[in-house]
There are 4 protein chains.
Amino acid sequence: MRFFSDNAAAAHPAVLEALGAANTLDTAYDGDVWSKRLDGAFSELFEREVRALWIATGTAANSLALASLCPPFGGIVCHSEAHINVDECGAPEFFTHGAKLLLADGEGAKLSPEAVEEVCAGIRNDVHQVQPRALSITNATEYGRVYTPDEVAALGDVAKRRGLGFHMDGARFANAVAHLDCSPADLTWRGGVDALSFGFVKNGGMSAEALVFFRPELVDATLYRRKRAGQLFSKGRFLAAQILAMLKNDLWLDNARAANRGAAMLGQAAGSRLVHPVEANEVFLRVTADEAAKLRGLGFDFYDWGPGEARLVISWDQDEAAIRPLADAIAAL
Amino acid sequence: MRFFSDNAAAAHPAVLEALGAANTLDTAYDGDVWSKRLDGAFSELFEREVRALWIATGTAANSLALASLCPPFGGIVCHSEAHINVDECGAPEFFTHGAKLLLADGEGAKLSPEAVEEVCAGIRNDVHQVQPRALSITNATEYGRVYTPDEVAALGDVAKRRGLGFHMDGARFANAVAHLDCSPADLTWRGGVDALSFGFVKNGGMSAEALVFFRPELVDATLYRRKRAGQLFSKGRFLAAQILAMLKNDLWLDNARAANRGAAMLGQAAGSRLVHPVEANEVFLRVTADEAAKLRGLGFDFYDWGPGEARLVISWDQDEAAIRPLADAIAAL
Amino acid sequence: MRFFSDNAAAAHPAVLEALGAANTLDTAYDGDVWSKRLDGAFSELFEREVRALWIATGTAANSLALASLCPPFGGIVCHSEAHINVDECGAPEFFTHGAKLLLADGEGAKLSPEAVEEVCAGIRNDVHQVQPRALSITNATEYGRVYTPDEVAALGDVAKRRGLGFHMDGARFANAVAHLDCSPADLTWRGGVDALSFGFVKNGGMSAEALVFFRPELVDATLYRRKRAGQLFSKGRFLAAQILAMLKNDLWLDNARAANRGAAMLGQAAGSRLVHPVEANEVFLRVTADEAAKLRGLGFDFYDWGPGEARLVISWDQDEAAIRPLADAIAAL
Amino acid sequence: MRFFSDNAAAAHPAVLEALGAANTLDTAYDGDVWSKRLDGAFSELFEREVRALWIATGTAANSLALASLCPPFGGIVCHSEAHINVDECGAPEFFTHGAKLLLADGEGAKLSPEAVEEVCAGIRNDVHQVQPRALSITNATEYGRVYTPDEVAALGDVAKRRGLGFHMDGARFANAVAHLDCSPADLTWRGGVDALSFGFVKNGGMSAEALVFFRPELVDATLYRRKRAGQLFSKGRFLAAQILAMLKNDLWLDNARAANRGAAMLGQAAGSRLVHPVEANEVFLRVTADEAAKLRGLGFDFYDWGPGEARLVISWDQDEAAIRPLADAIAAL
């Protein structure tokens, strides 16, 4: 049983069905009926007018968002362990034409307002230093930690005061919402977020994320950037249809809840082995090399996460029956 | 009946079936079994060792190819009507970090060796001028014209003599091969081509093109550029599976032949109205505004292509029964 | 006697004196008293509030201006023979992060409003094509032709109507003003120019041009771009001092008048051999290879300018005595 | 008396004289006799064949060097307090098209081989992470610390083993050589350095640094990049002449020795107040706010360097008579 990554899981059957249903002649690019429904669908979900674009990968969604918020000569405050800093091969630098990531730290890959302020305060306001122009957080974080609406709003206040555009990398946004049982609006624009990379691929999608702008004026330049980056698909309806299938009847939430439940079950089994509280669908364990080998010997695969730690990620399609054996094995270590 | 673009057509059922078959857990990105089969499948097709990457769009495939062949301070010789110049919103400039397209002309959007030489000869060999470093042609061209293996080889000779990397935009490569009934090898690397954007999306695919390198050493940097451009899909197996389905039993050729046949039928009906000889799946007609309106009145949709011209593009799924009424209508004008 | 280029000439003694006078301790970068005088000096010259930055080279001044007027995904309409297109090794593409030069033609490297309109009209207003965002003209042009205030204003009208930023490459702005005997204001902002590269180096300066913004809000981003491009000199006072010396007592105009006079003398001698009317300090002659060789045999050096043409450029320090022998030699051909 | 920065000091009279001597007609750009002497002059100084280019600013020299050593998708290991990271407004990112600075720490802004190894070892060798491709150190460092030839060689070994290009920011290279009394060759290429930004502006120059390549094959691309960055001066002889004047009779060494002597004098006076050992021309002191105010009250100006610290920089033209009063004042605190 594999617990490497939610990236590796299958797509939900409803997503494949949607592809079949969209497999007719329609206008190319984003002129089709599916693509045209995105703005409305996300506006409803977020309880206000938003603009939403399909983007094929989370890396591209993040980078396009950042390019819309930060000029080439600006800086983006983010956590040193943020995906945009350590796992996107410099995509933000590519799309922004060389903006600089300004790194802060914080437990569980979470940024506090104080940490953001400290980074900003350490930068002289002159042309010799890259000035902060945007803030990016990941919710849920790379360690499965979740920012609450209040925490987002506190960061939004810093962003506003400092004149920073505010981006949320929501590769696991669904898991955060599922954990908090809050409204998507409360977790984003009501807290000052300007642009959200709303992930579906890790949550049962196939090849479509949404880039949601809460400041509609950011869309125009992004449409050109999307094309220019080779991200405007000829048959965009196949991306839009996936997203609409995920939104329908809150499939995105159901999937996230399922994954979160699995993680919680493992978390309970892990007890004091936990490196981080389990809030989303990731579980980080303290295990010795022997213990890790033992688990692998039982057929469980996962990543080592530095010495003495292991990362287990639960997917939308791993139900209690799939998780239980691993939970038992962990408890028995 | 719509003749706007082969971009707008449905995907072939085999492509959708392949997605279903690939919908299992596997390694993320391009570590899965489908992705790993690409090098072998294309090496077989091209009768030599090649490296092949899935890329989601033709624009990205072209631009990644060009970035592998031309430094930021170099120039790319291409036709003034090349897709990379007029329809990609500056994607080549984005991926190459500002390389310059050096424009040549030629009938039917075809470049002759002389035209390429003339562009190169007009550039002083000093640091004040962008030096040509790559050559890019489209086969079949944006006007449905086809370069023969001999014509490719003649351009390959110029490229070699001038030290230019040689790229072929093969968004409609299948249509060119189908028209010529030649080997893919003869139309590419045997004529000096270094990198080919092998198109599938216009030919019954959904969202996967192949970038084929005949100089394997170009691949390494491209792997980083692909990731950095947000083009490395988490579930890459869904792209690889599409391509493998298209290659299986020469589906790519069958589809292209079908589309070419439809275009030929229209070409015959059009007679002296043809702006360009019909060699692939595109037909350019001289029609008055009244004639165009008449055709549209009969239910045929297409693009005006400058004053007094119309462009009709045939898709893989438009068979004789679908084409005949339009052919008759054109003949009756 | 060399007539290759005004680039090759010596600097005016007043410029060297100014360097000596500025050779004291002062604040680094542009915090010194000389640099701080630029805004005022140019505001007086242009009869309105302007912002002016020293920039070491014309290429950098042009490119920084264009980067302030055009986003990476935009296009810059210019003449196909503009210096920014053919003699700056892609600097505009570098500074703008890949904006595209959209080329128009016109006699003597001059653009007409109609030519600009034609380029713009040929671009579909969709995301697949690079949209025009800026217009750049050279005054005097690369062929020594001069735009009048009315001609500038007519282009400014097009720019305004089309929403284009308007840049003037004034590497030989002084020669244009000297020829027209008009006010600098009439030739620039009153005609809609947003940013001017005001050249001094070809006109007796050593290593300082001025970038003048008539829309002060463009300055802020440019200050960062200047630093980021390695163009913010530690001892900026030495650039500012040069410029102030050139402005003092209209030395810039005197120098340009002297050069223009020399060119006019050659133009008169050349008569029907002239390829372009002589309006600034450049003379383009029709000469056979034999005639060119003869002139060189007499000790006159110059560039061949394509087959059967020669370019002669007069510098600020070539007075009548220096020009007369060449004029006589041309007349005697 | 100002101790803000060696950037603020006057240029040495020999530099101004050289400008006067070069103020004649000569070939433009770098075709003049002065520019052509650079390769030879630096080859002699470095006891091997090198290629040397004039570059107007240290920021540009550093960035051009880095662009020659690191692709856009690569990383540059450097100290977190390196000038390229904190004081160049993202110039390395601009010139390299978005390469990433990979930060290490170390006392006095010095990098140890272990620190470089640690950064490299922390990066997975896959396409998701920016791979290290270059190493950049500053000698003397931003805190006036000096790498010895052995220390450089140890870092060169890491660079070689890891396949990293090796750049030295030598804005104060002269001060390092003067301190060590070693050969420039021992401090650079014999230790594995590939490219050196050899600074003159902080050491009595006006507006010219040298970029020295110990791997001549790196020059060709750099010549294009220099032009493209607007760094190729029309009258390049004025830059070359400055550099040649600095090299003549070891003026560069004399100036650096003078500045180092002044700093040493202050260092001695400062005693236990020193934050870093004084090895070059910078002195970092622990002073209370009151003490700093007292020094300023006596007419000494300098930068606060974080709370409780002050930075004093000595210039080539501050002799013992100029330094003594400050030394006494510090001793008397």
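None of the values given here were measured: they were computed from a predicted structure. Every chain's residues receive numbers from 1 upward, in the order its sequence appears when written. Here chains are named by letter from A upward and ligands by number from 1 upward, in the order in which they appear as written. Local features in this predicted model are restricted to residues whose pLDDT is 70 or higher, and side-chain atom pairs enter the listing and the counts only when it is 80 or higher, whereas totals over whole chains, interfaces and linings include all residues. Derived side-chain values reflect all non-hydrogen atoms in the structure, with water molecules and hydrogen atoms excluded from consideration.

Caption draft 1: Representation of the overall build of chain A. Runs of E in the DSSP output that reach at least two residues are strands. Runs of H or I that reach at least four are helices, and both are numbered from the N terminus. Of regular secondary structure, chain A possesses 14 helices and 10 strands. As defined in this context, the radius of gyration uses C-alpha atoms, and a globule is described by 2.2 Å times the residue total to the power 0.38. For chain A, whose C-alpha radius of gyration is 20 Å, the value lies close to the compact-globule estimate of 20 Å for 333 residues. Oriented by its inertia axes, the alpha-carbon framework of chain A measures out at about 55 × 55 × 30 Å. In chain A, buried positions account for 68% of the 333 residues. Put simply, of all contacts in chain A between residues at least 6 apart along the chain, 74% involve residues at least 24 apart. For every residue, the accessible area (1.4 Å probe, protein chains only) is compared with the maximum for its type, and the residue is labelled buried under 20%, exposed over 50%, or partly exposed between those bounds. By definition, residues are in contact when any of their heavy atoms lie within 4.5 Å.

Caption draft 2: Region of the structure containing the sheet that holds strand S9 (residues 303-304) of chain D. Residue and element names in this part refer to chain D. A pair of strands is treated as paired once DSSP finds two or more bridges between them. Strand order in the open sheet made by the three strands is S8-S10-S9, with antiparallel pairing throughout. Where the open sheet ends on each side, the last strands, each with one partner, are strand S8 (282-286) and S9. In the sheet, S8 pairs with strand S10 (residues 309-313) via five bridges, with the strands oriented antiparallel. Bridge pairing in S10 links Glu282 to Val313.

Caption draft 3: Region of the structure containing the relation of the copies chain D and chain C. The copies were overlaid with a least-squares fit restricted to C-alpha atoms from residues scoring a pLDDT of at least 70 in each copy. Rotating chain D by 180 degrees and translating it 0.0 Å along the rotation axis places it on chain C, where the RMSD comes to 0.0 Å. Put plainly, the chains are arranged around a two-fold axis. It is Ala229(D) whose C-alpha, among those of chain D, lies nearest the rotation axis, at 3.5 Å. Here 100% of the interface residues in chain D have copies in chain C that are interface residues too; the copies meet face to matching face.

Caption draft 4: Region of interest: the packing of helix H7 (residues 113-121) of chain A against helix H8 (residues 149-162) of chain A. Residue and element names in this part refer to chain A. Here H7 crosses H8 at 20 degrees, and the two axes come no closer than 9 Å. Classified by the angle between their axes, H7 and H8 sit roughly parallel to one another. Note on packing geometry: the crossing formed by H7 with H8 is right-handed. Across the interface between the two elements, Pro113, Val116, Glu117, Cys120 and Ala121 of H7 pack against Ala154, Leu155, Val158, Arg161 and Arg162 of H8. Fitting a line to C-alpha atoms yields each axis, with helices limited to the stretch in contact; the angle taken between N-to-C directions then spans 0 to 180 degrees. The cut-offs work like this: below 35 degrees is roughly parallel, past 145 is roughly antiparallel, 65 to 115 is roughly perpendicular, and the gaps in between are oblique. Note: crossing handedness is left-handed where the near helix turns anticlockwise from the far helix by less than a right angle, and right-handed where it turns clockwise.

Caption draft 5: The interface of chain D and chain C, seen in detail. Contacts between the two partners involve 47 residues from chain D and, on the opposite side, 47 residues from chain C. As a working definition, buried area equals the accessible area (1.4 Å probe) given up by two parts on being put together, with both sides summed. Between chain D and chain C, the buried area comes to about 3900 Å², and carbon and sulfur atoms account for 60% of it. Among the residues chain D hides against chain C, the three largest losses belong to Phe94(D), Arg228(D) and Lys235(D). Together they make up 19% of the total. Criterion for a salt bridge: a side-chain nitrogen of Lys or Arg within 4 Å of a carboxyl oxygen of Asp or Glu. On the surface where chain D and chain C come into contact, there are zero salt bridges. Here a polar contact means two N or O atoms within 3.5 Å. Within protein one must be a hydrogen donor candidate and the other an acceptor candidate, and residues neighboring in sequence count only if both atoms are side-chain atoms. Linking chain D to chain C there are 34 residue pairs in polar contact (both at pLDDT 80 or more). If you list the elements that add at least two residues to the side of chain D that touches chain C, you get helix H1 (13-21), helix H4 (58-69), helix H6 (91-96), helix H10 (219-228) and helix H11 (237-247) of chain D. At four residues, H6(D) tops the list of elements feeding residues into the side of chain D that touches chain C. Classification used: nonpolar for Ala, Val, Leu, Ile, Met, Phe, Trp, Tyr, Cys and Pro, charged for Asp, Glu, Lys and Arg, polar for all others including Gly. A class-by-class count of the residues in the side of chain D that touches chain C yields 22 nonpolar, 15 polar and 10 charged.

Caption draft 6: Local environment of unusual backbone geometry. Backbone torsion omega between Asn139(A) and Ala140(A) reads -5 degrees, so that peptide bond is classified as cis. By the secondary structure assignment, Ala140(A) is in the loop between strand S4 (131-138) and H8. Positive phi is not limited to glycine here, since Cys89(B) has a value of about 50 degrees. Position of Cys89(B) among the secondary structure elements: in the loop between helix H5 (83-86) and helix H6 (91-96). Here His97(B), not a glycine, exhibits a phi torsion of approximately 65 degrees, which is positive. Relative to the elements of secondary structure, His97(B) occurs in the loop between H6 and strand S3 (100-104).

Caption draft 7: Structural view of the interface of chain A and chain B. On the side of chain B, 47 residues touch chain A, which itself brings 47 residues to the contact. Buried surface at the junction of chain A and chain B, summed over both partners, amounts to about 3900 Å²; 60% is from carbon and sulfur atoms. Sorting the residues of chain A by area buried against chain B places Phe94(A), Arg228(A) and Lys235(A) first, and these three jointly supply 19% of that buried surface. One can count zero salt bridges joining chain A with chain B. At the boundary of chain A and chain B, one finds 34 residue pairs in polar contact (both at pLDDT 80 or more). Looking at the side of chain A that touches chain B, the elements that each hand over two or more residues are helix H1 (13-21), helix H4 (58-69), helix H6 (91-96), helix H10 (219-228) and helix H11 (237-247) of chain A. Top contributing element to the side of chain A that touches chain B by residue count: H6(A), with four residues.

Caption draft 8: Summary view of the UniProt feature "domain: Aromatic amino acid beta-eliminating lyase/threonine aldolase" (unreviewed entry) in chain A. UniProt positions are given in the numbering used here, feature names are shortened, and annotations may be inferred rather than shown by experiment. Cross-referencing UniProt, the feature "domain: Aromatic amino acid beta-eliminating lyase/threonine aldolase" (unreviewed entry) maps to residues 3-288 of chain A in the present numbering. Taken as a whole, residues 3-288 of chain A contains 41% helix and 15% strand, while its terminal C-alpha atoms sit 18 Å from one another.

Caption draft 9: A look at the environment of Asp254(C). All names here are of chain C. Here Asp254 lies in helix H12 (residues 251-270). A relative accessible area of 39% means that Asp254 is categorised as partly exposed. C-alpha separation for the pair Asp254 and Asn203, spaced 51 residues apart in sequence, amounts to 9.6 Å.

Caption draft 10: The arrangement of the pattern of salt bridges in detail. Counted according to the given criterion, the structure contains 92 salt bridges over all chains. Across the pair Lys110(A) and Glu151(A) runs a salt bridge, and its minimum N-O distance is 2.9 Å. Taken together, the residues Lys110(A) in the loop between strand S3 (100-104) and H7 and Glu151(A) in helix H8 connect sequence positions 41 residues apart. For the salt bridge of Arg215(C) with Glu217(C), the shortest nitrogen-to-oxygen distance reads 3.0 Å. Owing to a relative accessible area of 52%, Glu217(C) belongs among the exposed residues under this scheme. Members of the salt-bridge network, linked through shared partners, are Asp6(A), Arg172(A), Glu282(A) and Arg311(A).

Caption draft 11: Highlighting the relation of the copies chain A and chain B. Expressed as a screw transformation, the operator carrying chain A onto chain B has a rotation angle of 180 degrees and an axial translation of 0.0 Å, and the superposed copies differ by an RMSD of 0.1 Å. A high fraction, 100%, of the interface residues of chain A reappear at the interface in chain B, so the copies pair face to face through one surface.

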